[in-house]
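These are the residues of each chain, in order.
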Amino acid sequence: MSTNTKKEKKQEKEDEKSSIESSSTLKQRNVKKEDTNSNDEKKKATTTTTTTTTPIKTTDKIKLNYPVFCCSSSTNVKSPYIVTGGGGGNSKTGVPNAITLLKWNLEGSSSSEFQLIDQMDTGDCIPFVTFNDNKNQIAYAIGTTCFIINYKNDKLEKAIQFDINKNIPSNAYHLAIKATSLSTSTSSTTTTNIDNNNNNNTEAAAAAAAAATIKNDDNESSTSSTPSSGSLCSTSSSTMSTEIKLIRFNKDGDRIIIVDDKNLIKVWSLPSLDFIKMISPQHGGEITDIDIHPASTHLLTTSRDCSAKIINLLNGKIEFTLLHKQKPKLVFRGCKFTSDGLYCYTAQSIPKGKNSNGCTVLSKWNFTTGQEESFKEVDIYHNTCFTLSPDNKAIVIVTADGKITAYNSDTFKPLDKWEPHDFVITGACFSPDSSTIFSSSADYNCKSHRIGFGSKSNSTKFIKALFILAIIVLILSLIFGQFNK
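Throughout what follows, the structure given in this document is the object of discussion. (Residues numbered from 1 in each chain as written. Predicted model: local features only at pLDDT ≥ 70, side-chain atom pairs only at ≥ 80, totals over all residues. Heavy atoms only, no water.)

## Section: the sheet that holds strand 32 (residues 445–450)
Thought 1: Read from one edge to the other, the open sheet built from four strands follows the order 3-32-31-30, with strand pairing classed as antiparallel. The open sheet terminates on both sides in strands that have one partner only, identified here as strand 3 (61–63) and strand 30 (425–430). Averaged over all neighbouring strand pairs, the angle between strand axes comes to 15 degrees, with direction disregarded.
Thought 2: The pairing of strand 30 with strand 31 (residues 436–441) spans five bridges and is classified as antiparallel. Considered in strand 31, the bridge of C429 is made with F438. (Pairing = 2+ DSSP bridges. Helix = DSSP H or I, 4+ residues; strand = E, 2+ residues; numbered from the N terminus. Axes fitted to C-alpha atoms, helices over the stretch in contact; angles between N-to-C directions.)

## Regarding the sheet that holds strand 27 (residues 394–399)
Thought 1: On the basis of which strands lie adjacent, the open sheet formed by four strands has the order 26-27-28-29 and antiparallel pairing. A single partner strand is all that each edge strand has here, and the edge strands are strand 26 (383–388) and strand 29 (414–418). Across the sheet, the axes of successive neighbouring strands diverge by a mean angle of 15 degrees, strand direction being ignored.
Thought 2: Here strand 27 runs beside strand 28 (residues 404–408); their pairing, made up of five bridges, is antiparallel.

## Digging into the environment of N315
Thought 1: Structurally, N315 is set in the loop between strand 20 (308–312) and strand 21 (318–322).
Thought 2: Residues N315 and I279, 36 residues apart in the sequence, show an inter-C-alpha distance of 8.8 Å.
Thought 3: In this view, N315 contacts A179 and K277; residues no more than four positions away in its chain are not counted. (Contact = heavy atoms within 4.5 Å.)

## Focus: the nonpolar core
As a rule of thumb, nonpolar side chains are buried together in soluble globular proteins.
Thought 1: Core analysis: the biggest nonpolar cluster contains 35 residues, and C146, F162, I247, I256, I258 and L299 have the highest contact counts within it.
Thought 2: Among the secondary structure elements, those contributing two or more residues to this core are strand 9 (137–142), strand 10 (145–152), helix 2 (172–186), strand 14 (244–249), strand 15 (255–260), strand 16 (265–269), strand 17 (275–279) and strand 18 (287–292).
Thought 3: Not counting the four nearest positions on each side in its chain, I247 is found in contact with F128, T130, A139, Y140, A141, C146, I256, I257 and I258.
Thought 4: Counting residues in hydrophobic clusters, the runner-up holds 18 residues, among them L101, V129, I138 and I149. (Core = buried A, V, L, I, M, F, W, Y, C linked by side-chain atoms within 4.5 Å. Buried < 20%, exposed > 50% of the residue type's maximum accessible area, 1.4 Å probe, protein only.)

## Examining the pairing of strand 26
Thought 1: Of all six residues in strand 26, five are buried, a share of seventy percent or more.
Thought 2: Sheet analysis places strand 26 next to strand 27, joined by five bridges and oriented antiparallel. Along strand 27, the bridge assignment pairs F386 with I397.

## Re the pattern of salt bridges
Thought 1: A full pass over the atoms with the stated rule returns ten salt bridges.
Thought 2: Note that D291 is salt-bridged to K336, the shortest N-O span being 3.8 Å. Of the two residues, D291 is situated in strand 18 and K336 in strand 22 (residues 331–337); the sequence distance between them amounts to 45 residues.
Thought 3: In this structure K336 comes out as partly exposed when scored by relative accessible area, which is 30%.
Thought 4: Salt bridges linked by common partners bring K245, E286 and R304 together as one network. (Salt bridge = Lys/Arg side-chain N within 4 Å of Asp/Glu carboxyl O.)

## Here we look at unusual backbone geometry
Thought 1: Cis rather than trans, the peptide bond between L270 and P271 has omega equal to 5 degrees.
Thought 2: As for its placement among the helices and strands, P271 is situated in the loop between strand 16 and strand 17.
Thought 3: Even without glycine at this site, C306 takes up a positive phi of about 70 degrees.
Thought 4: Within the secondary structure, C306 is located in the loop between strand 19 (298–303) and strand 20.
Thought 5: Using a relative accessible area of 17% as the deciding quantity, one classes C306 as buried.
Thought 6: Here Y444, not a glycine, exhibits a phi torsion of approximately 80 degrees, which is positive.

## A short note on the packing of aromatic side chains
Any two aromatic rings considered together are summarised by their centre-to-centre distance and by the angle between their planes.
Thought 1: With the rule as written, the count across this model stands at ten aromatic pairs.
Thought 2: Ring plane angle 40 degrees and centroid distance 6.4 Å describe the contact between F332 and W365, whose orientation is recorded as tilted. With F332 in strand 22 and W365 in strand 24 (residues 359–366), this pair connects stretches of sequence that are 33 residues apart. For the pair shown, F332 and W365 are each scored as buried.
Thought 3: An aromatic cluster is present here, built from Y81, F131 and Y151 joined pairwise through their rings. (Phe/Tyr/Trp six-rings, centres within 6.5 Å; stacked < 30°, edge-to-face > 60°.)

## Quick notes on the state of the cysteines
Thought 1: Tallying each qualifying case throughout the model produces zero disulfides.
Thought 2: Not engaged in a disulfide, the cysteine C344 finds its nearest cysteine sulfur in C335; these two sulfurs lie 7.9 Å apart.
Thought 3: With relative accessibility at 0%, the residue C344 sits in the buried group.
Thought 4: C385 takes part in no disulfide bond, and the closest cysteine sulfur, belonging to C71, lies 7.5 Å away.
Thought 5: By relative accessible area, which is 15% here, C385 ends up buried. (Disulfide = S-S within 2.5 Å.)

## A closer look at the side chain of H421
Thought 1: As for its position among the elements, H421 is in the loop between strand 29 and strand 30.
Thought 2: A residue is classified by how much of its surface remains accessible, and H421, at 2% relative accessible area, is buried.
Thought 3: A distance of 2.8 Å separates polar atoms of two side chains, one belonging to H421 and the other to S439.
Thought 4: Apart from residues no more than four positions distant in its own chain, H421 is found in contact with S439, S440, S441, D443, N445, C446 and K447. (Polar contact = N/O pair within 3.5 Å; in protein donor to acceptor, adjacent residues only side chain to side chain.)

## Re the environment of H174
Thought 1: With respect to the secondary-structure elements, H174 resides in helix 2.
Thought 2: Along the primary structure H174 and I279 are separated by 105 residues, whereas in three dimensions their C-alpha atoms are 9.9 Å apart.

## Some remarks on the environment of Y173
Thought 1: Topologically, Y173 is positioned in helix 2.
Thought 2: With a relative accessible area of 1%, Y173 lands in the buried category.
Thought 3: Distance in space between the C-alpha atoms of Y173 and I279 is 7.6 Å, their sequence separation being 106 residues.

## A look at a nonpolar patch on the surface
Thought 1: On the surface, I468, I471, I472, I475, L476, I479 and F480 cluster together into a nonpolar patch covering about 630 Å² of accessible area.
Thought 2: Assignment of secondary structure puts I471 in helix 4 (residues 456–484). (Patch = residues over 30% accessible without salt bridge, like charges linked within 9 Å, V, L, I, M, F, W, Y side chains within 5 Å. Areas by Shrake-Rupley, 256 points an atom, 1.4 Å probe, with all protein chains shown as cover.)

Following this line, the structure appears as structure tokens:
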């Protein structure tokens, strides 16, 4: 048993050494060339990255040179990349800020493994990254600025950056509120197990407030006010600086949708970066997740206000407000449309308190009716991450106890459960073939796990526990042996 433990420790050291060697092969030098003829809101920067020709081995775990706070995987099997982001922040701690490009190995016995490809330094810590599969692009945010990175031939090449607060038409918020006020009185709303009268009064009040805002805007030439945490404030939308919270690309890759910290959704066209519209989902709490319908016609948002909303992307109207049947006080913490666009899934949960039990509930909703077709309480801890496999067959959540669980999307029965990290898990995403989960942690580590094949980390911990137990038994037997003499 001790021999096996020594072998495992030796293997772990070799894996970590391999990861460090792989990281050292990537030498970055960033060169920014500002185009003096371009506007302030649209700047181009070129990043040159040199790599050695040394072959990089595939692995199922790697330690990067910065704490990892997010990860994302492409859904394109022909371009199976992973990107991570994180860093030490803008303080001078010596910890770099970067995004890292990795690549899945989808062939042979090591199909659950990946390899380190490239890395690019960034100006600050990266809290969120996402793929534009159609255009081979990656987007991330720093404050009010969105960066769009191209990757080609296993290299991160160049970036286009723009400020989300620049060149926004003065009537953008006015039109967003107008669309919301119209949808409030005409859209169908799912309101099971909640006082319908109270809910209708709330929506009516929101509509009245929105209508009053529009009337004031029609009488005055000033720009509309901007909502803060679901309510209206007096600050002009043209003067308020909002920061980026979430970014998504549509399936065709010609739209980029951004959620800011004032719960406003802004849409730009690509590659022109022309502003298209602003949408006000009228959530009463922070938006926690967003997804785009495969047909690029609708948005799905989840919020801390214990609701999710299906919004028409074309006219900005809220078509359905989704409320969980059994436990209306659960916070919605993740959402995803199925690839055929007929259904959507959400995860809603509540943390465990001193006087209350925690839980996570998974729900399946009909897109065309807004009805909750099925749901199941799956865990006693609240979820921190949520994702749906590209083939729509599995759901994966990360829970507050540091575990990752995969579920069958039809029955919500567990398929696998594992504990890959010793520290907080900051992200999880599926491989393009839906077989494997890649996870990241603030402890600098990233790991992959093939669903249904057991947990290496759990088995290692079990062996270590047995080894420690054997030592304790040996010590006790020696002590008792001395007493018997």
